[in-house]
Amino acid sequence: MIVCFLLPCILLFALIYLIPMGIVFVTSFCEWKSGGVFHFVGLRNYIEAFVNDTRMHQALKNTGIWALLQSTVHVGIGTVTAFILSRKIKGWKILRTIFMIPNVISAAALGVIFLNVFNPKYGLLNSMISTLSGSTFSKNWYFDQNSAFLTVTWSWLLYAGLVMILVLAGVMSVPEDVLEAARIDGASGLQIDFKIRLPLVRTILGTCVIISATSMLREFELIYLTTNGGPGDTTLNLPLYLYKTSLTDNNYGYANMMGVLLIILGIFAVFAINKLFRMSESDY
């Protein structure tokens, strides 16, 4: 009986995800170009990517750095903010709402906002620097080789509203009797935060790290709208390189190979983070 109820969901999942993923995996071993012959080439696409393709090396490097920063700095900012707000300081509900605003704005809108903020002619940042320095300052932040990567990174790194909400919910759900017992034993506020609350929200932190790390494996809109991977390949990541390879170069076999790599990286990240944060264990 249970199988009958589950069958429609299983079929839908297979049609939407499993079958397309299987096609991507099979065609990643093929040469498949628009107007060309479709034939099996074995591991040639993978060997080309890891041995000869410098753009792939840059894309993998950028994707890895961004995933690491998102898993540490981004999650760290959200966690610290959550612990501060959990003390219910004056206006904490308003601050919580304000901190969430960037997370409810679409990536396209954020891209347009940051293009205006970092515009070399009338951008907010250049105008502020010009005002403070007393002289005209003009810098093309997104298309300067030295600043492009960091500028793109700032476009999402600080906006940890989702992490803040999840951690805040976990912190505020810690049993009050546990905290009261710690206070009776003479524990300070910081000791309670670091030795009781933080360990008890370990699994939530692990979830936040998974969400943050895997989000960088599919980050596309902001990079595409701001730099399109430039200047050169300075801000190129794997999803953007996949897009360019498939829709610009019409090299579908090579693009599907990148899709397989993204799936493998995502699965590896989830399992590694699960192991690191001991997600299957309970502290209660």
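Every chain is numbered on its own, with residues counted from 1 as its sequence reads. The predicted nature of this model means local features are confined to residues of pLDDT at least 70 and side-chain atom pairs, given and counted, to a pLDDT of 80 or more, with totals for whole chains, interfaces and linings taken over all residues. Side-chain figures throughout are based on the complete set of non-hydrogen atoms in the structure, without hydrogens or water.

**Let's talk about the overall build of the chain**
Numbering goes from the N terminus for both helices and strands, where a helix is a DSSP run of H or I of at least four residues and a strand is a run of E of at least two. Helix and strand content of the chain: 14 helices and two strands. C-alpha extents for the chain along the principal axes are approximately 75 × 75 × 35 Å. Each of the 284 residues in the chain was classed as buried or not, and the buried ones make up 39%. Look at the contacts in the chain between residues 6 or more apart in sequence, and 67% of them connect residues 24 or more apart. Each charge sign in the chain was given a centre, from 19 positive and 15 negative side chains, and these centres are 5 Å apart. Only protein chains enter the accessibility calculation, which uses a 1.4 Å probe; a residue is then buried when its area is under 20% of its type maximum, exposed when over 50%, and partly exposed in between. For this analysis, residues touch if any pair of their heavy atoms sits within 4.5 Å. For the purpose of counting charges, residues Lys and Arg are taken to be positive, whereas Asp and Glu are taken to be negative. His and the chain ends are not included. The atoms used to mark charge sites are NZ of Lys, CZ of Arg, CG of Asp and CD of Glu.

**With respect to the UniProt feature "transmembrane region" (unreviewed entry) in the chain**
UniProt positions are given in the numbering used here, feature names are shortened, and annotations may be inferred rather than shown by experiment. As annotated in UniProt, the feature "transmembrane region" (unreviewed entry) corresponds to residues 65-85, 97-118, 156-175, 196-217 and 252-273 in the numbering used here. For the annotated span residues 65-85, helix accounts for 100% and strand for 0% of the residues, and the straight-line distance between the end C-alpha atoms is 29 Å. Helix makes up 60% of residues 156-175 and strand 0%, whereas the separation of the span's terminal C-alpha atoms amounts to 33 Å.

**Some details on the pattern of salt bridges**
Side chains carrying opposite charge are able to pair once their charged atoms draw close together. The rule for a salt bridge is simple: a side-chain nitrogen of Lys or Arg has to be within 4 Å of a carboxyl oxygen of Asp or Glu. For the coordinates displayed, the defined rule picks out seven salt bridges. Across the pair Asp-193 and Arg-87 runs a salt bridge whose closest N-O atoms are separated by 2.5 Å. Of this pair, Asp-193 sits in helix α10 (residues 189-200) while Arg-87 sits in the loop between α3 (54-85) and α4 (92-104), placing them 106 residues apart in sequence. The network of salt bridges with common partners includes Arg-87, Asp-193 and Arg-197.

**Examining helix α13 (residues 238-248)**
Within α13, the full set of buried residues consists of Leu-238, Pro-239, Leu-240, Tyr-241, Lys-244, Thr-245 and Ser-246. The secondary structure elements touched by the buried residues of α13 are α3, α12 (221-226) and α14 (252-276). Two N or O atoms form a polar contact when they lie within 3.5 Å of each other; inside protein one atom must be a possible hydrogen donor and the other a possible acceptor, and for residues adjacent in sequence the pair counts only when both atoms belong to side chains. The N-cap of α13, judged by a side-chain oxygen 3.2 Å from the amide nitrogen of Leu-240 a few residues on, is Asn-237. Of the residues one or two after α13, Asn-250 is the one with positive phi, at around 55°.

**Observations concerning the packing of aromatic side chains**
Each pair of aromatic rings taken from Phe, Tyr and Trp, with Trp reduced to its six-membered ring, is defined by centres within 6.5 Å and is described as stacked if the planes are under 30 degrees apart, edge-to-face if over 60, and tilted in the remaining cases. Summed over the entire model, instances satisfying the criterion amount to 15 aromatic pairs. Consider the rings of Phe-29 and Tyr-46, whose centres lie 5.3 Å apart with planes at 40°: the pair is tilted. Note that Phe-29 is positioned in the loop between α1 (2-27) and β1 (30-31) and Tyr-46 in helix α2 (residues 44-52), a separation of 17 residues in sequence. Note on accessibility: Phe-29 and Tyr-46 belong to one class, buried. The interplanar angle of 75° and the centroid separation of 5.4 Å between the aromatic rings of Phe-118 and Tyr-142 together place this pair among those described as edge-to-face. Of the two residues, Phe-118 sits in the loop between α5 (107-117) and α6 (124-133) while Tyr-142 sits in the loop between α6 and α7 (148-154), which places them 24 residues apart along the sequence. Each of the two residues, Phe-118 as well as Tyr-142, counts as buried. These aromatic residues form a ring-pair network of at least three members: Phe-114, Phe-118, Phe-137, Trp-141, Tyr-142 and Tyr-159. For a ring to carry a charge above it, either NZ of a lysine or CZ of an arginine must fall within 6 Å of the ring centroid while also lying within 35 degrees of the normal to the ring plane. Above the face of the Trp-141 ring, Lys-139 is positioned so that its terminal group lies 5.4 Å from the ring centre.

**Considerations on the UniProt feature "domain: ABC transmembrane type-1" (unreviewed entry) in the chain**
When the UniProt feature table is mapped to this numbering, "domain: ABC transmembrane type-1" (unreviewed entry) covers residues 60-273. The straight-line gap between the two end C-alpha atoms of residues 60-273 is 19 Å; of that span, 72% is helix and 0% is strand.

**Comments concerning a nonpolar patch on the surface**
Taken together, Leu-12, Phe-13, Leu-15, Ile-16, Tyr-17, Leu-18, Ile-19, Met-21, Ile-23, Ile-263, Ile-267 and Phe-271 make up a surface patch of nonpolar side chains, about 1200 Å² in accessible area. Secondary-structure elements contributing two or more residues to the nonpolar patch are α1 and α14. Of the residues forming the nonpolar patch, the biggest block, nine residues, is contributed by α1. With respect to the element layout, Met-21 can be found in helix α1. Like charges are joined within 9 Å and nonpolar side chains (Val, Leu, Ile, Met, Phe, Trp, Tyr) within 5 Å, but only among residues with over 30% relative accessible area and no salt bridge; these make up the patches. Per-residue and other accessible areas follow the Shrake-Rupley method at a 1.4 Å probe size, with only the shown protein chains counted as cover for residues.

**Remarks on the confidence of the model for the chain**
The predictor attaches a confidence to each residue, called pLDDT, with possible values from 0 through 100. On average, residues of the chain score 89 in pLDDT, and 99% of them are at 70 or above. Helix α9 (residues 176-184) is the least confidently modelled element of the chain, averaging 84 in pLDDT, while α3 averages 95, the highest of any element.

**Looking at the packing of α2 against α3**
Axis definition: a line fit to C-alpha positions, over the contact stretch in the case of helices; interaxial angles, taken between N-to-C directions, run 0 to 180 degrees. Orientation of α2 relative to α3, taken along the N-to-C sense of each, is 75°, at an axis distance of 6 Å. Between α2 and α3, the angle falls in the class roughly perpendicular. Two secondary-structure elements touch here, α2 through Ala-49, Phe-50, Val-51 and Asn-52 and α3 through Thr-54, Met-56, His-57 and Leu-60. In the contact of α2 with α3, the residues fall into five nonpolar, three polar and no charged. Geometric relationships in this document are graded by angle, where less than 35 degrees denotes roughly parallel, more than 145 denotes roughly antiparallel, 65 to 115 denotes roughly perpendicular, and other angles denote oblique. All residues other than Ala, Val, Leu, Ile, Met, Phe, Trp, Tyr, Cys, Pro, Asp, Glu, Lys and Arg, Gly among them, are scored as polar; the first ten of these are nonpolar and the last four charged.

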